[in-house]
Amino acid sequence: MSAAPETSATGLIEASFRGRLGPFALNADFITPAAGVTVLFGPSGCGKTTLLRCIAGLERLPGRLVVEGEVWQDEARFLPAHQRPVGYVFQEASLLAHLSVRRNLLFGFRRTKDEQRIDLDQVVGLLGLEPLLERGVARLSGGERQRVAIGRALLSQPRLLLMDEPLASLDRARKAEVLPYLERLNSDLAIPILYVTHDLAEAARLGDRQIALNEGQTGPVIDSRDGAGDAGLGARLAEVGPDRLFEDLCAGGAPPELAQLTLAALLAGLPPWRAPDQRA
Amino acid sequence: MGEVIWLTVKLAGVTTILLLILATPLAWWLARSQAWWKEIIGAVVALPIVLPPTVLGFYLLLALGPDSPLMAPFQAIGIRTLAFTFEGLVIGSIIYSLPFAVQPIRNAFQAIGERPFEVAATLRASPMDAFFSVALPLARPGFLVAAILTFAHTIGEFGVVLMIGGGIPGETEVLSIEIYQLVEALEWNKAHQLAALLLVFAFAVMLSLLLIERRTGRLRP
């Protein structure tokens, strides 16, 4: 071990993973504030889920992961999944079939050693779960299941909430049912969220920031609310326009597809009044 | 006759309990291990399905007999042989019924898949915790089937118990052997009663297995 001091700033999530898992090659590298919602988005098969699983400790690739100054993975260390204070919402709700809704919700709650900041009543209220509590999980609709899965993850007192396309397995009506709950999560609880989706509209609606992912490679962090004078991409876009920004991104090492995705997310997230003629 | 029935039920009960304890870690390992040679162990476990019971009984007789090197450590504590004893019968029955316990439990563990364990891990459950709080309850139907099959299989076994038990009244004489001896002695009436009893029992076993299967099939989401 080197005697180097802890170089990571608190309040940040720093991830970098390189390697191959089956068909997925990952070359991911990003730093994002540990606050609000950071959306990882890209086409299916781009490695979003693999990246999220690496962060949860469900997969192991060479790399480094520091969350709010705490090293979860580096050359010397790999914290196993059950020792990481993450909540994970899978694409399919994946409720435990032998437990009632209430006992699914409390599964992680009972196993946390940290201070319990979020309690059952709070989660039940937030996600509208009161009428479901005593049911078996077989008698829930798709939207209800996903709400229980989100509540279960929240009750495990995560310091980082990982969500893997939680809406993708739902039809349009169920999506509309769950989406407002997700937005409330963001505003009511101070838990940073990493949210994976392939849906650009969802990324723009839920995310405070977006990171594009293509063929396992991450683009720069997009914050479309960057104002003039910020160093972020939003400010750059307003300054130089999309064509020039695209060239800049490519010059910075992003393959064209990745630069294009990044630009698309930036434009999609822009308030309409700020992007009059740039969408063409 | 009551004594024979009691001895048979006692043998089946003891065998079932011990075998479930033994089969659980074995089935777990067979279900989850990535080792390439695990199916070799799997084949050894399954051997009693195709082996003639008399062959198994014959080797057990040698292994548990007074001249067996396997018995040497026990002879130091005063146990000369386990052949023709109740304990010997239990050992024989455990080996004979091993596949009937391991296979359903292994299948049940495999049917759980990877996801519930990932869920448990992201909810702070250590692997050991997840084994007890997720794997065992989700595999419950497999355990029920294993228990019923082991119990019934032990009740009905003949070749193995004849070879290593010898049919000593009160010690190793179980139902199936009693029936054989009754027929030999031309006591057809008594043989009839016991045979009919086993027939009804076997029917009840198969019916309950099918009902369990139907119920778990319906419960699976």
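Treat the numbers as computed from the prediction; the structure is a model and nothing was measured.

Hey, could you go over the confidence of the model for chain B for me, with residue numbers and the actual values?
Confidence along chain B averages 92 in pLDDT terms, with 98% of residues attaining 70 or more. Reported confidences for the modelled complex are a pTM of 0.86 and an ipTM of 0.87.

So, helix α3 (residues 53–64) of chain B: which residues are in play, and what are the values?
All names here are of chain B. The end-to-end C-alpha distance of α3 is 16 Å, a good match for the 16 Å that 12 residues give at a rise of 1.5 Å each. Every buried residue belonging to α3 is among Leu56, Gly57, Leu60, Leu61 and Leu64, and all of these are buried. Angular distribution of buried residues about the axis of α3 spans 140°; they occupy a single face of the element. On its buried side, α3 packs onto α2 (38–50), α5 (86–112) and α9 (159–165).

Kindly report on the pairing of strand β9 (residues 209–214) of chain A, identifying the contributing residues and their values.
Residues and elements named next belong to chain A. Burial within β9 is extensive, with 6 of its 6 residues counted as buried. Of the two faces of β9, the one lined by Arg209, Ile211 and Leu213 and the one lined by Gln210, Ala212 and Asn214 are each fully buried. In this structure, strand β3 (residues 37–41) lies alongside β9, joined through 4 bridges in parallel fashion. By the bridge assignment, Phe41 is partnered in β9 with Ala212. Across 4 bridges, β9 lies against strand β10 (residues 217–222) in antiparallel orientation.

Account for the nonpolar core, naming residues and giving values.
Membership of the largest hydrophobic core comes to 122 residues, with the highest contact counts inside it found for Leu51, Ile55 and Leu162 of chain A together with Ile105 of chain B. Examining the composition of this core, we find that 10 residues originate from one element, α5 of chain B, more than from any other. Leave out the neighbours within four places in its chain, and Leu162 of chain A touches Leu52, Ile55, Ala56, Val86, Gly87, Tyr88 and Leu194 of chain A.

Would you mind going over the packing of α3 of chain B against α5 of chain B in detail, with residue names and values included?
Residue and element names in this part refer to chain B. Two numbers describe how α3 lies on α5: the axes approach to 11 Å, and their chain directions differ by 135°. In this view, α3 runs oblique relative to α5, as classed from their interaxial angle. The two elements α3 and α5 meet at a crossing, and its hand is right-handed. Of α5, the residues touching α3 (which contributes Pro53, Leu56, Gly57, Leu60 and Leu64) are Gly88, Ile91, Gly92, Ile95 and Tyr96. Across the contact of α3 with α5, the residue classes break down as 7 nonpolar, 3 polar and no charged.

What counts and how
Each chain has its residues counted from 1, following the order in which its sequence is written. Labels are handed out in written order, letters beginning with A for the chains and numbers beginning with 1 for the ligands. Since the coordinates come from a predicted model, pLDDT governs what is reported: local features require at least 70, and pairs of side-chain atoms require 80 or more to be given and counted, while whole-chain, interface and lining totals use all residues. Confidence scores here are pLDDT values: one per residue, from the predictor, ranging 0 to 100. Helix and strand definitions follow DSSP, with helices as H or I runs of at least four residues and strands as E runs of at least two, each counted in order from the N terminus. Every helix has an expected span of 1.5 Å times one less than the residues it contains. Here exposure depends only on C-beta density: within 10 Å of a residue's C-beta, 20 or more other C-beta atoms make it buried, 12 or fewer make it exposed, and intermediate numbers make it partly exposed, the C-beta atoms being placed from the backbone. Each direction from the helix axis to a C-beta atom contributes to the arc, which is the arc of those directions. Note that contacts rest on C-beta atoms placed from the backbone: two residues are in contact if these are within 7 Å. The rule for pairing is simple: two strands pair if DSSP sees at least two bridges between them. Take the buried Ala, Val, Leu, Ile, Met, Phe, Trp, Tyr and Cys residues, join any whose C-beta atoms are within 7 Å, and the set you get is a nonpolar core. To define axes, lines are fitted to C-alpha atoms, for helices over the stretch in contact only, and angles between the resulting N-to-C directions are given on a 0 to 180 degree scale. When describing relative orientation, an angle under 35 degrees is termed roughly parallel and one over 145 degrees roughly antiparallel, while 65 to 115 degrees is termed roughly perpendicular and anything else oblique. A clockwise turn of the near helix away from the far one marks a right-handed crossing, whereas an anticlockwise turn of less than a right angle marks a left-handed crossing. Only Asp, Glu, Lys and Arg are considered charged, only Ala, Val, Leu, Ile, Met, Phe, Trp, Tyr, Cys and Pro nonpolar, and every remaining residue, Gly among them, polar.

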